[in-house]
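Survey of secondary and tertiary structure
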Amino acid sequence: MNSEKIFIGVSWPYASDKVHLGHLAGQYIACDVFARYHRLKGNDVLMVSGSDSHGAPIVLKAEERDISPEELVKESHKQILETYKNLGLLYENYTSTTTQNHKEVVQNIFLVLKERGYLYEGTSQQYYDTKVERYLPDRYVKGTCPECGNTDARGDECPECGAYLNADDLIDPYSTLSDVKPELRDTRHFYLDLKKLEPKLDKWMKESSDNWRKWVREFSKGWIKIGLKPREVTRDMEFGIKVPVKGWEDKVIYVWVEAVIGYLSASIEWAQNINKPSRWEDFWKDENCKHYYFIAGGNTPFHTIIWPAELMGYSEKYSDDTLWEKYKLPGETKREELNLPYDVPANKMLLYKGKKISKGTVDMLTADEIFEKYGADLARFFFIRFAPENHDREFSWEDVVATNNNELVANIGNFVNRTLTFTYTKFDKSVPNGSWDSDVRENIDSAFKEVGEYVEGVKLTKALQRVLALGNFANKYFNDRAPWVDVKEDEGRARDTLFNAIQLTNALRILLKPFTPFGCKRLGKLLNIKDEYDANDVLVEKGLVEESINTWVYEEIEGGREIVKPKILWIKIED
RNA sequence: CGCGGGGUAGAGCAGUGGCAGCUCGUCAGGCUCAUAACCUGAAGGUCGUUGGUUCGAAUCCAACCCCCGCAACCA
């Protein structure tokens, strides 16, 4: 069995707001389809993510609600887990940035980067609110826009004229936290020296980005082309991971630098959870293990520039005896470098009424809402069918309904239903004995091959289209063979037709497993399939997949098998 | 001249040098096993604009127009 190792990192949802449709379209469904496919294939999959639980917005939101940030984060985390469970989103480990383990790994990496000279101290000026005694991120300073004179401009941009600003550009600045005029104060920070890592990043990107989506590749190369700048990696704040350096106790590590380290710390935590503390090394140090990062488009530079830079800098630990001894990660035994991203299949933006989903619209577009209204399978089907893989995509509820009725129901659901009903009523509730039609067999085989290739290339929209093409073929086959005529005049021919139609039904069931797992499970019951090995079920039940069995293959349904009274798999939405 | 993506039928999209395609919608027909579902056919496009390369361009090159995202503190 030539099982592959697949690592999947999924960008960490921020633990202050609900998961919304942009998130689903961007990454959370795509990663799950990809992971489910690889598990079915018998590959060794590690998919991790967690709640990103630090940063200024959380602190401020908690204050608004008069609870502690810890409480807010705990509540959000629970809510996210509930949403994921509803939608069938499975992880080997979904954790949070609040764990002790994460803190240790982050500080370990921070210190190694510092020792290798990739972090240096510098000073910058930042507004300070003397009333609430807090440094202010740019977006919490407002004032008059120097470009257009709008008196309500934010420190990062002017919503009126669209100018991108720095907080100290503002005329008559005031703090949004207390309305006082903030003071510009010197504050020292650590900077990640991206400039120093630029040649290495440049080389790596040139050599390994050929398989990336065009826009991700060009966008990332664009950053290098302009020239990388050192980046502040600390913040003046109390809630977060402390900078592990003497005299820096009042600063925390910048969330973005910290959260991406979660990919590694969550892998380490997973290894501990399964009582094999070194198991994470199989995924991080085996050069044949491919690393995929499923993210929303906006996070691209953090995954194609900053995270690889952190990894490159950190991997120098392995060629330095002192550092290797001093900074061992939990469970670490192999003195080998960490793997860099293999692919970063970021999606573009989901638009609502022509605009990016924003604070104003997000409340009407939560993941919970689509689940409650239409169920998990349709949500999953829709956001793969219309995933914004290469450009922005417009969202409308009408399209969700149309997709359900025209594709999920009319194409797949209807074919399954007509086949099962026919079998049940005309052939005494059991699969007729018959012989394969070579066209049917060929089409099934090529569907498995092609859908698999598309998924492996993270072309999920195309993969699903290929499944629909098989559904189309199946309906046409049924029509052309007209078994409802044969059943009266040539029963043998009708038996052959239904035998083949049952095989097509079962093929669709297996092919759709990564996409619409719930309906596929119901269909399995209708076909009276029992004890079928399914790695994704094993993960749900036991929390760990230990066997490696390739189930991405077609298994014939034998003649004579009794089936269950057919029920409709997916309901047509009226109105 | 900041970086990048996109512009193809009424809508949503595929198509990287060889007869312009797919899904939905519209219209006509067929079928009655099936969730008014399924199957067949038709109408519908100066492929953003202009110029160039080529026997041949949606595709390659140049210029321009329009839409979107990003612009290093939106996590």
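Please read these numbers as outputs of a predicted model, since none were measured by experiment.

Quick look at the pairing of strand β1 (residues 5-10) now. β1 sits mainly inside the fold: five of its six residues count as buried. Summarising the sheet, β1 and strand β2 (residues 44-51) pair through five bridges and their orientation is parallel. Residue I6 lies in a different strand from β2, and its bridge partner there is V45. For the crossover that starts at β1, traverses helix α1 (residues 21-40) and ends in the parallel β2, the hand is right-handed. Two strands pair when backbone bridges link them, and β1 and strand β13 (residues 290-294) are joined in this way by five bridges, in the parallel orientation. Pairing of G9 across the sheet is with Y293, part of β13.

Strand order in the open sheet formed by three strands is β7-β6-β8, with antiparallel pairing between adjacent strands. The open sheet is flanked by β7 (153-154) and β8 (171-175), the only strands paired with a single partner. In terms of strand pairing, strand β6 (residues 141-144) meets β8 through three bridges, oriented antiparallel. Bridge pairing links T144 to I171 in β8.

Taken together, 55 residues sit near RNA strand B, with R139, Y164, W256, K356 and D392 positioned nearest. In the interface set of RNA strand B, defined as its atoms within 4 Å of the protein, sugar plus phosphate atoms amount to 71%. With respect to RNA strand B, the side chain of D392 contributes an N or O atom lying 2.3 Å from a sugar or linking oxygen. Take R418: an N or O atom from its side chain is 2.5 Å from a base nitrogen of RNA strand B. Taken together, the elements giving at least two residues each to the surface near RNA strand B come down to α6 (214-226), α7 (255-273), α13 (397-426) and α15 (460-481). The element that contributes the greatest number of residues to the surface near RNA strand B is α13, accounting for 10 residues.

Glancing now at the sheet that holds strand β3 (residues 93-96). Pairing within the open sheet is parallel, and its four strands lie in the order β3-β2-β1-β13. Strands at the two margins of the open sheet, each flanked by one partner only, are β3 and β13. Ignoring which end each strand starts from, the neighbouring axes of this sheet average 20° apart. Across the sheet, α1 touches β1, β2 and β13, and the angle it forms with β1 is around 165°. On the sheet, helix α3 (residues 69-87) packs against β2 and β3 and is oriented at approximately 160° with respect to β3.

Let us now look at the nonpolar core. One finds I8, L21, L24, Y91, F383, F395 and F515 to be the most contacted residues of the largest nonpolar core, which totals 93 residues. If we ignore the near neighbours within four places in the chain, the residues touching L24 are V19, I29, L87, A367, I370 and F383. Core analysis: the next-biggest nonpolar cluster, separate from the first, contains 66 residues, Y254, M312, Y318 and L544 among them.

The subject of this paragraph is the layout of surface pockets. Here the second largest pocket is characterised by a volume of approximately 910 Å³. Where the lining of the second largest pocket is concerned, the elements lending two or more residues are α3, β3, α18 (517-526) and α19 (535-542). Looking at the lining of the second largest pocket residue by residue, the classes come out as 13 nonpolar, six polar and 13 charged.

With 19 residues, α3 should reach 27 Å at 1.5 Å per residue; the first-to-last C-alpha distance of 27 Å fits that figure. Within the span of α3, buried status applies to P69, L72, V73, S76, H77, I80, T83, Y84 and L87. The arc that holds the buried residues of α3, viewed along the axis, is 130°, so those residues lie on one side. Those residues of α3 that are exposed and aimed more than 90 degrees away from the buried face are K74, K78 and K85. In this fold, the buried residues of α3 make contact with α1, β2, α2 (56-64), β3, α12 (367-385) and α18. Residue G88 follows α3 closely and has a positive phi angle near 75°.

Looking at chain A, the pLDDT average stands at 92 and 98% of residues meet or exceed 70. Helix α11 (residues 359-362) is the least confidently modelled element of chain A, averaging 66 in pLDDT, while helix α8 (residues 280-284) averages 98, the highest of any element. Overall fold confidence (pTM) sits at 0.96, and the ipTM for the predicted complex is 0.91.

Another point: the environment of G88. Here G88 lies in the loop between α3 and β3. Sequence separation between G88 and K200 is 112 residues; the distance between their C-alpha atoms is 39 Å. When sequence neighbours within four positions are dropped, the list of residues in contact with G88 reads D32, R36, R380 and F518.

A negative phi angle is the norm for most residues apart from glycine, just as the trans form is the norm for most peptide bonds. Unusually for a residue other than glycine, A482 sits at a positive phi of about 40°. On the secondary structure map, A482 appears in the loop between α15 and α16 (483-489). Look at N528: it is not a glycine, yet its phi comes out positive at around 65°. Summarising the element assignment, N528 is placed in the loop between α18 and α19. Of the residues examined, N528 reaches a relative accessible area of 26% and is grouped as partly exposed.

Now for the side chain of T505. Within the secondary structure layout, T505 lies in helix α17 (residues 491-512). Contact partners of T505, with chain neighbours within four places excluded, come to F415, V416, T419, L523 and L527.

Moving on, we get to empty space enclosed by the protein. Under the defined criterion, the tally for this structure stands at two cavities of 30 Å³ or more. Reported here for the largest cavity is a volume of approximately 70 Å³. Every residue along the wall of the largest cavity is listed here: V106, I109, F110, L113, L119, L192, V233, I253, V257, I261 and E310. Taken as a whole, the second largest cavity spans an internal volume of roughly 30 Å³. Forming the walls of the second largest cavity are D17, K18, V19, S76, Q79, I80 and T83. Among the residues making up the lining of the second largest cavity, the classes are represented as two nonpolar, three polar and two charged.

Scoring rules and cut-offs
Residues numbered from 1 in each chain as written. Chains lettered and ligands numbered in written order. Predicted model: local features only at pLDDT ≥ 70, side-chain atom pairs only at ≥ 80, totals over all residues. Heavy atoms only, no water. Buried < 20%, exposed > 50% of the residue type's maximum accessible area, 1.4 Å probe, protein only. Helix = DSSP H or I, 4+ residues; strand = E, 2+ residues; numbered from the N terminus. Pairing = 2+ DSSP bridges. Right-handed = clockwise from strand over helix to strand, strands pointing away. Near = heavy atom within 4 Å. Polar contact = N/O pair within 3.5 Å; in protein donor to acceptor, adjacent residues only side chain to side chain. Axes fitted to C-alpha atoms, helices over the stretch in contact; angles between N-to-C directions. Contact = heavy atoms within 4.5 Å. Core = buried A, V, L, I, M, F, W, Y, C linked by side-chain atoms within 4.5 Å. 1 Å grid on protein atoms, 1.4 Å probe; cavity = no way out; pocket = protein on both sides within 12 Å on 5 of 7 lines; lining within 4 Å. Points joined across faces, edges and corners; volume = space filled by probe spheres on them. Nonpolar A, V, L, I, M, F, W, Y, C, P; charged D, E, K, R; others polar. Expected span 1.5 Å × (residues − 1). Arc of directions from axis to C-beta. pLDDT = per-residue confidence, 0-100.

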